Amino acid sequence: MSDQGKGSGSTTAGTPAPGSDTYKGWLFKWTNYLKGYQRRWFVLSNGLLSYYRTQAEMAHTCRGTINLATAHIDTEDACNIVLSSGGRTYHLKASTEVERQRWVTALELAKAKAIRMMNNQSDDSGDEEPASQSDRSEIQGTLKTLANKLDDLSTCNDLIAKHGAALQRSLSELEALRVPVEGGEKIKAVNERATLFRITSNAMINACRDFLDLAETHSRRWQRVLQYEREQRTHLEETIEQLAKQHNSLERAWREAPALATNTPVIPATEQGSERPRKEEASDEDEDTEYFDAMEDSPAFITVTATDHTQHRRSQSNLSGASGGHPNDWNQEDHMMSPSCNDLSGKEIKPRKRRRTHIADKPNYSLNLWSIMKNCIGKELSKIPMPVNFNEPLSMLQRLSEDLEYHDLLDKAARCESSLEQLCLVAAFSVSSYSTTVHRTAKPFNPLLGETYELDRLEEYGYRSLCEQVSHHPPAAAHHVMSQRGWTLWQEITIASKFRGKYLSIMPLGAIHLTFASGNHYVWRKGTSTVHNIIVGKLWIDQSGDIEIVNHRTKETCQLKFSPYSYFSREVPRKVTGVVTDCDGQANYILSGTWDDKIESAKIVHSSRGSSSSEGKQKTVYQTLGPKLLWKKYPLPDNAENMYYFSTLALTLNETEEGVGRTDSRLRPDQRLMEAGRWDEANMEKQRLEEKQRAVRRRREAEATDALDDGREYEGYQPLWFHQRTNPITGETNFVYKGGYWEAKDRRDWSMCPDIF
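Residues numbered from 1 in each chain as written. Predicted model: local features only at pLDDT ≥ 70, side-chain atom pairs only at ≥ 80, totals over all residues. Heavy atoms only, no water.

For the protein, an unreviewed UniProt entry supplies the name Oxysterol-binding protein and the organism Clupea harengus. For the protein, the Sequence similarities (unreviewed entry) comment in UniProt is given as "Belongs to the OSBP family." (UniProt positions renumbered as here; feature names shortened; annotations may be inferred.)

Draft legend 1. Just the overall build of the protein, in detail. Scanning the protein from N- to C-terminus turns up 13 helices and 29 strands. Across the 757 residues that make up the protein, the buried fraction comes to 43%. Within the protein, contacts between residues separated by at least 24 positions form 57% of all contacts whose residues are at least 6 apart in sequence. Summing over all exposed atoms, the protein offers an accessible surface of approximately 41400 Å²; the carbon and sulfur share of this is 51%. (Helix = DSSP H or I, 4+ residues; strand = E, 2+ residues; numbered from the N terminus. Buried < 20%, exposed > 50% of the residue type's maximum accessible area, 1.4 Å probe, protein only. Contact = heavy atoms within 4.5 Å. Areas by Shrake-Rupley, 256 points an atom, 1.4 Å probe, with all protein chains shown as cover.)

Draft legend 2. How the structure looks around the nonpolar core. One finds W487, L514, W524, I549 and L560 to be the most contacted residues of the largest nonpolar core, which totals 63 residues. The element contributing the most residues to this core is helix α8 (residues 419–432), with nine residues. Every residue in contact with W524, bar those within four places of it in the chain, is listed here: V426, F429, S430, G510, A511, I512, L514, I547, E548 and I549. Counting residues in hydrophobic clusters, the runner-up holds 20 residues, among them L27, I66, Y90 and W103. (Core = buried A, V, L, I, M, F, W, Y, C linked by side-chain atoms within 4.5 Å.)

Draft legend 3. Fine view of the packing of aromatic side chains. Scanning the entire structure with this criterion turns up 18 aromatic pairs. Ring centres 5.2 Å apart and planes at 70 degrees place the aromatic pair W30 and Y37 in the edge-to-face group. Taking relative accessible area as the criterion, W30 reaches 16% and is therefore assigned buried. Overall, Y37 belongs to the partly exposed group, its relative accessible area being 29%. Measuring from ring centre to ring centre gives 5.2 Å for W721 and Y741, while their planes differ by 90 degrees; the resulting arrangement is edge-to-face. A residue pair is termed long-range when its members are at least 10 positions apart, and W721 in the loop between α12 (679–710) and β28 (722–726) and Y741 in helix α13 (residues 741–747) qualify at 20 residues. What makes Y741 buried here is its relative accessible area of 1%. Members of the aromatic cluster, connected to one another through ring pairs, are W721, Y741, W742 and W750. Here the basic side chain of K29 rests over the ring of Y90, its NZ or CZ set 5.4 Å away from the ring centre. The ring of Y37 carries the charged tip of K93 above its face, separated from the ring centre by 4.4 Å. (Phe/Tyr/Trp six-rings, centres within 6.5 Å; stacked < 30°, edge-to-face > 60°. Lys NZ or Arg CZ within 6 Å of the ring centre and 35° of its normal.)

Draft legend 4. View of α8. In this model α8 runs 20 Å from its N-terminal to its C-terminal C-alpha over 14 residues, within 8% of the 20 Å that 1.5 Å per residue would give. Judged by how many residues are buried, α8 sits mostly within the fold: 14 of 14 residues are covered. The distance from a side-chain oxygen at the start of α8 to the backbone nitrogen of L420 is 3.4 Å, and the residue carrying that oxygen is S418. (Expected span 1.5 Å × (residues − 1). Polar contact = N/O pair within 3.5 Å; in protein donor to acceptor, adjacent residues only side chain to side chain.)

Draft legend 5. Here's a closer look at the UniProt feature "coiled-coil region" (unreviewed entry) in the protein. On the UniProt side, "coiled-coil region" (unreviewed entry) is annotated at positions that read residues 226–253 here. Across residues 226–253, helical content stands at 100% and strand content at 0%; the span's end C-alpha atoms are separated by 40 Å.

Draft legend 6. Structural context of helix α7 (residues 408–415). Most of α7 sits inside the fold, with six of its eight residues counted as buried. Turning to α7, its buried residues are D408, L409, L410, D411, K412 and A413. For α7, the elements touching its buried residues are α8, α9 (458–461), β15 (475–483), β16 (487–499), β18 (511–516) and β27 (628–632).

Draft legend 7. Summary view of the pairing of strand β17 (residues 503–509). Note: β16 against β17, six bridges, orientation antiparallel. Looking at the pairing, A496 lines up with M507 of β17. Across four bridges, the pairing between β17 and strand β20 (residues 528–532) is antiparallel. Along β20, the bridge assignment pairs L504 with V531. (Pairing = 2+ DSSP bridges.)

Draft legend 8. Expanded view of the pattern of salt bridges. Across all of its chains, the model carries 37 salt bridges by this definition. Among the ionic pairs, R672 bridges to E675, the shortest N-O distance being 3.2 Å. Of the two residues, R672 and E675 both sit in helix α11 (residues 669–675), three residues apart, roughly one turn of that helix. The class for R672 is partly exposed, based on a relative accessible area of 23%. Linking R694 and E690 is a salt bridge whose minimum nitrogen-to-oxygen distance equals 3.7 Å. Within this pair, R694 and its partner E690 are both found in helix α12, separated by four residues, close to a single helical turn. Exposure remark for R694: the relative accessible area of 31% places this residue in the partly exposed category. Through salt bridges with shared partners, a single ionic network connects R355, R457, E460, E657, D664 and R666. (Salt bridge = Lys/Arg side-chain N within 4 Å of Asp/Glu carboxyl O.)

Draft legend 9. A look at the environment of W540. You can see W540 is positioned in strand β21 (residues 540–551). The spacing of W540 and V438 is 102 residues in sequence and 7.5 Å in space, taken between C-alpha atoms. Not counting chain neighbours up to four residues away, the residues in contact with W540 comprise T441, T530, V531, H532, N533 and Y565.

Draft legend 10. View of the sheet that holds strand β7 (residues 88–93). Strand order in this open sheet of seven strands is β4-β3-β2-β1-β7-β6-β5, and the pairing throughout is antiparallel. Every other strand in the sheet has two partners, leaving β4 (64–67) and β5 (72–75) as the edge strands with one partner each. Neighbour-to-neighbour, the strand axes of the sheet open up by a mean angle of 35 degrees, direction not taken into account. Summarising the sheet, strand β1 (residues 22–32) and strand β2 (residues 36–45) pair through 10 bridges and their orientation is antiparallel. For N32, the partnering residue across the bridge sits in β2 and is G36. (Axes fitted to C-alpha atoms, helices over the stretch in contact; angles between N-to-C directions.)

Draft legend 11. Examining the packing of α7 against α8 more closely. Contact geometry for α7 and α8: axes closest at 9 Å, N-to-C directions at 170 degrees. In terms of their interaxial angle, α7 and α8 are classed as roughly antiparallel. Facing α7, whose interface residues are L409, L410, K412, A413 and A414, α8 presents Q422, L425, A428, F429 and S432. Partitioned by chemical class, the residues of the contact of α7 with α8 number seven nonpolar, two polar and one charged. (Parallel < 35°, antiparallel > 145°, perpendicular 65-115°, else oblique. Nonpolar A, V, L, I, M, F, W, Y, C, P; charged D, E, K, R; others polar.)

This is how it looks when you write it as structure tokens:
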């Protein structure tokens, strides 16, 4: 029912009657259960039924088309029409039964004509040139027929004029005779009628002549247009053939490139500067470098990718290096990142603890979503009692920890000597946190107040992560990560979410802080996530908005733009673009890619002011070196579609571990039951835990009331591992790690932890 619709309405004045080539009018089209029937403008032409929101849309936007040659036409009641073809169904409704019958007649005639045309086309055989000769013969025959008809009409015109004049003379002579008065009046009346007949006949003949002249003129015009289209088609076929040959040659060159790179001796930098740059290498002094064309207010770029210095190809996907810039290029040239940043491996090769690679398959339970959601519109998501059917077996604290899947980007950033190069890697890390959301439409568990989650990867990757739910209304989680490889990250995230009926908006509030041993301090905030098709259709997630990453020590910034998905846009879906600028506002790097696949960067070597755009804003043209890969998404594990689309890291997040605190999310019983596939028991356990939390909250409220009555100060709930402090950079008061957790783990002393499960 995704494309169902109906249209009603009366045919407007001047609309051809059923049976003509074109039939237009208003009909009501069924859209969905929220909007019901909507008035749409329908056009039936050449065996195709198309519809538009308004008549003005016919010039630029068609909302849908159905081919009547393969369509089934049915009528439900007095005013309804049902069209179905290839899995697409339109439910239409006319304003009256008479109007419905007119449309049905027009549709049936158009369907029969479309079937005949399809059969005729299927019977045609032979090469294109004979078909062209046949078309020319048919057009010439038609013109000859029209000319013959014009001659016939001219002959008829002469005969009518001749006989009309004779009749006029006869009547005049009859009128001149002496006849009784009554007979004279009748003769005079007949004479007047004959005159009117002659005038009308002349007008009809003139109109026919004008029509045929116009038809002949238009026929010649359409002949020229048809000839032009044939020439364009031939030219396009030749172009496609050339592109196919170029594609094959590029593929062969790409396959030979690794062998060339392996056999090429390494030239010392001192010698390399005195020699001419090789064809496979990029040079800062080469004139044939790449260009980005960018709007000043938004980083929308056009990339020119050069496979060598004599041949350039322009990418229309607006992705920087979408067709070029291989990961291996990272270590082939030194113009992009300093050597200390060029390690793309990310994960060191050393013995690691074996962790699980799969969980129980997700059960196939059906659920009536509308019966649950219809009473939730406008409410805070955290206040809606949701069954586990909408969840995935991870908590929000574990989802926060999942941002560390690409921690290797921060390890490389910590080794960078250039703060601008470091900022590029930090930007790639900020984008990588969204890569796990592309298929993850399920909702994580809302953590209980005081719930914690640790991710201890000190021996494997050199970092330790701790999350704690520090507030329940509004829900807020504090996160702290310490790495032995020279970086520290912390954040306090409050999730503001609103259910809008058709989609769900998720707005993370709070700043993310990242510091390095060099003293660089980066701050940014996350963008908006939107879950579409909440009621009807397949769920899908989109990211949108702007993210600004600021290095508060050097005042360098990175502006990232997440382009929202649009059905009518030519942009690559899930596109991300960005510009890295120094403290003076000078652009140094261009970032481009998609948040679900990869991010690339290109160093700017020159910028200039370009021509003004159609909106009157002047563009900036960036001349850059070749794009280099910063981040590439890891492939999902096997059978991921049956394991909630979990990544390799996500599969290990809820794995049982010894020595964790008794408030750890791994010990949450409803989440554990859901992971095991026992959803009914998980639902009951979830209700028990939520009711237990409500009882504790009511007890605290009673204690606060008693303290107020007694004039005492009531401190209220205080998190165990985090406390509130004012950040000197942002001026915000947020929760930061106060220490003690890892020491308590070493002592195996969790006596201070509350009983929340």
